[in-house]
Amino acid sequence: MKKVFLDRVSDRDYDGKKMSDELFKDIKDVINNAPTSTNGQQFSAVVIRDQETLNWLSEKNWNQPHIKEAAGFILFVADFNRIHHIIKQDNIEWNKSLASHEFMRGTIDATIAATYVHDWLLTENYGTCFIGGPLTYADDLHERLNLPKETMVVVGITFGKTTKRNPHKPKLDKVFLEKYDATEANKRADEYSDATAEYWTSRGGKPYHQQITAVHVDKPGGYRKAFAEGTKYVNKKWDEITK
């Protein structure tokens, strides 16, 4: 089993065969069994196999072809809709002082569920790829997928049978025993930048330190624009959910 996880890469080449009804049922069962904080059930998932919607998602996500070629796409959202429903039924007022905690719970629950089904898909020999892009076109997703305003887009996953696999990236050691060591963490980050520079030479990408700094450089396009759109959306959802 360990080998399954150590062999994981972000797969972006699928055979185009769409998810069966049986696979959808299995995915649904696995997601619904994911753990949630205090049994709050503060997430939802939308599973997509419709080719027209996959094509639309691919176009919105910088025309990445693996999205439309995937067996399916799963969107995970933090979901406060059902909590608001229950509170209203019991004539209880939404406690705004707990808003930041609820906001975190919903986001964490959605991320746990995404990882839960992602790992199960690996054990079933499906390739997978987490997709962070939906935050940059989240308002369009709300309209297209009928998401209520009490939900917040968190992350997506593509999955399918792979036709080829990317080489493994170098991995950053992020684990400490007993106590965190900031000096060691920074040393590892510098070493990782060197390792990724060599790796990306053959693939046309940026080393680790350039990926990080690109987010904070004020220039048009790229990471900066994408992160700015995501930040704008999250801030808006905070305002909506905490009113």
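In the block above lies the structure referred to throughout.
The following refers to the structure shown.

Definitions and cut-offs
- Residues numbered from 1 in each chain as written.
- Predicted model: local features only at pLDDT ≥ 70, side-chain atom pairs only at ≥ 80, totals over all residues.
- Heavy atoms only, no water.
- Buried < 20%, exposed > 50% of the residue type's maximum accessible area, 1.4 Å probe, protein only.
- Helix = DSSP H or I, 4+ residues; strand = E, 2+ residues; numbered from the N terminus.
- Pairing = 2+ DSSP bridges.
- Arc of directions from axis to C-beta.
- Patch = residues over 30% accessible without salt bridge, like charges linked within 9 Å, V, L, I, M, F, W, Y side chains within 5 Å.
- Areas by Shrake-Rupley, 256 points an atom, 1.4 Å probe, with all protein chains shown as cover.
- Salt bridge = Lys/Arg side-chain N within 4 Å of Asp/Glu carboxyl O.
- Axes fitted to C-alpha atoms, helices over the stretch in contact; angles between N-to-C directions.
- Parallel < 35°, antiparallel > 145°, perpendicular 65-115°, else oblique.
- Left-handed = near helix turned anticlockwise from the far one by under 90°.
- Contact = heavy atoms within 4.5 Å.
- Nonpolar A, V, L, I, M, F, W, Y, C, P; charged D, E, K, R; others polar.

1. Looking at the pairing of strand β4 (residues 151-160)
Here is step 1 of the chain: Counting buried positions along β4 yields 10 of 10 residues, so the element is predominantly enclosed.
Here is step 2 of the chain: As paired elements, strand β2 (residues 72-79) and β4 share eight bridges and run antiparallel to each other. Counted as the bridge partner of V77 is V153 from β4.

2. Focus: helix α5 (residues 81-89)
Each α-helix winds once per 3.6 residues, and so residues spaced three or four apart point in a common direction.
Here is step 1 of the chain: Among the residues of α5, I83, H84 and I87 are the ones counted as buried. Down the axis of α5, the sector holding all buried residues measures 100°, keeping them to one side. Exposed side of α5, more than 90 degrees from the buried face: K88 and Q89 are the residues found there.
Here is step 2 of the chain: Residue N91 follows α5 closely and has a positive phi angle near 55°.

3. Re a nonpolar patch on the surface
Here is step 1 of the chain: Where nonpolar side chains cluster on the molecular surface, the patch consists of M104, I108 and I112 and spans about 260 Å² of accessible area.
Here is step 2 of the chain: With respect to the helices and strands, the residue M104 is situated in helix α6 (residues 99-123).

4. Details of the packing of helix α2 (residues 21-32) against α6
Here is step 1 of the chain: Closest axis-to-axis distance for the α2/α6 pair is 9 Å, and the angle between their directions is 135°. It follows from the interaxial angle that α2 and α6 lie oblique. Crossing of α2 against α6: the hand is right-handed. Here L23, D26, I27, V30 and I31 of α2 lie close against α6, whose contacting residues are Y116, V117, W120 and L121.
Here is step 2 of the chain: Among the residues making up the contact of α2 with α6, the classes are represented as eight nonpolar, no polar and one charged.

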